[in-house]
Amino acid sequence: MSPPAHEFSREWARFCPRCGADSLSSDDGRRHQCAQCGFVYFHNLAAAVCVMLRRGEELALVVRGQDPGRGLLDLPGGFVDPDEDLEAAAVREVREELGVAINNPRYLFSVPNLYRYREVNYRTLDAMFEVWVNDLPPVVPNAEVTALYWRELASVKPEELAFASVRAALARLRGAFP
């Protein structure tokens, strides 16, 4: 279990961006206030996308090539860039990670997540999308993805998955898959 985000806020949010004083503090890990000049900074959640590529009764799962979760299973996806909509992010992330062009990802639902990166906990909201495909070309291993496996949903064990949001999403879908 990861510690709450605010336990790490002092490590990365010490200095006020307005006056430079070593006086930022936070009670909740989201709202940070400078005791010196009163500046307030909100560390809000980040938007992310996950894409469920489906083929018949199977789901495509990638093996993560980097931390967090290196070596564990995940859905293709990632963070949404500034000025990018969720659908465009889903298309971009699948192209970047798998080298595959997808069309018209269908939004399913969202799941909150905790993404711990370099000793900082980031709160994310992961938008889950679905795309039906006939097949995918073999994955060329890269920094983000080392392999792709087709698995039936019922065969995926929670401990194989890198993130709580993906575990929650797949648990939610178990009734929707054949």
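Look up a bit, the structure's there.
Computed from a prediction, not measured in an experiment: that's the story for all the values here. (Residues numbered from 1 in each chain as written. Predicted model: local features only at pLDDT ≥ 70, side-chain atom pairs only at ≥ 80, totals over all residues. Heavy atoms only, no water.)

Asker: Would you take a moment to explain unusual backbone geometry for this structure?
Answerer: What is expected of a backbone is that most residues other than glycine have negative phi and most peptide bonds are trans. For the peptide bond that leads from Asp67 to Pro68, omega is 0 degrees, which places it in the cis range. With respect to the element layout, Pro68 can be found in the loop between β5 (58–64) and β6 (73–74). Phi is positive for Asp83, which is not a glycine, with a value near 65 degrees. When its relative accessible area of 87% is taken as the criterion, Asp83 is described as exposed. For Asn104, which is not glycine, the phi torsion reads 50 degrees and is therefore positive. One can find Asn104 in the loop between α2 (86–98) and β8 (106–117). (Helix = DSSP H or I, 4+ residues; strand = E, 2+ residues; numbered from the N terminus. Buried < 20%, exposed > 50% of the residue type's maximum accessible area, 1.4 Å probe, protein only.)

Asker: Looking at this model, I keep getting lost on the side chain of Asp126. Mind explaining?
Answerer: You can see Asp126 is positioned in strand β9 (residues 120–132). Among buried charged residues, Asp126 stands out as having no salt bridge; its nearest opposite-charge side chain is Arg64, 9.4 Å away. At 2.8 Å, the side chain of Asp126 and the side chain of Thr124 are in polar contact. Non-local contacts of Asp126, meaning those with residues more than four positions away in its chain, are made with Ala48, Cys50, Phe109, Ser110, Val111, Asn113 and Ser165. (Lys, Arg positive; Asp, Glu negative; His and termini not counted. Salt bridge = Lys/Arg side-chain N within 4 Å of Asp/Glu carboxyl O. Polar contact = N/O pair within 3.5 Å; in protein donor to acceptor, adjacent residues only side chain to side chain. Contact = heavy atoms within 4.5 Å.)

Asker: Looking at this model, I keep getting lost on the sheet that holds strand β3 (residues 40–42). Mind explaining?
Answerer: Within a sheet, each strand pairs with its neighbour through backbone hydrogen bonds, oriented either parallel or antiparallel. The antiparallel open sheet is built from three strands, whose spatial order is β1-β2-β3. The strands lining the two open edges of the sheet, one partner per strand, are β1 (24–25) and β3. As paired elements, β1 and strand β2 (residues 31–34) share two bridges and run antiparallel to each other. By the bridge assignment for β2, Leu24 is matched with Cys34. (Pairing = 2+ DSSP bridges.)

Asker: What should I look at first to understand the pairing of β2 in this one?
Answerer: Remember that side chains alternate between the two faces of the sheet whenever the strand is regular. Burial of the side chains of β2 is restricted to one face: His32 and Cys34 are buried, whereas none of Arg31 and Gln33 on the reverse face is. Hairpin connection of β1 to β2: five residues between the antiparallel strands, including Gly29 at a positive phi of 80 degrees. Bridge count for β2 against β3 is three bridges, and the pairing is antiparallel. The residue of β3 that forms the bridge with Gln33 is Val40.

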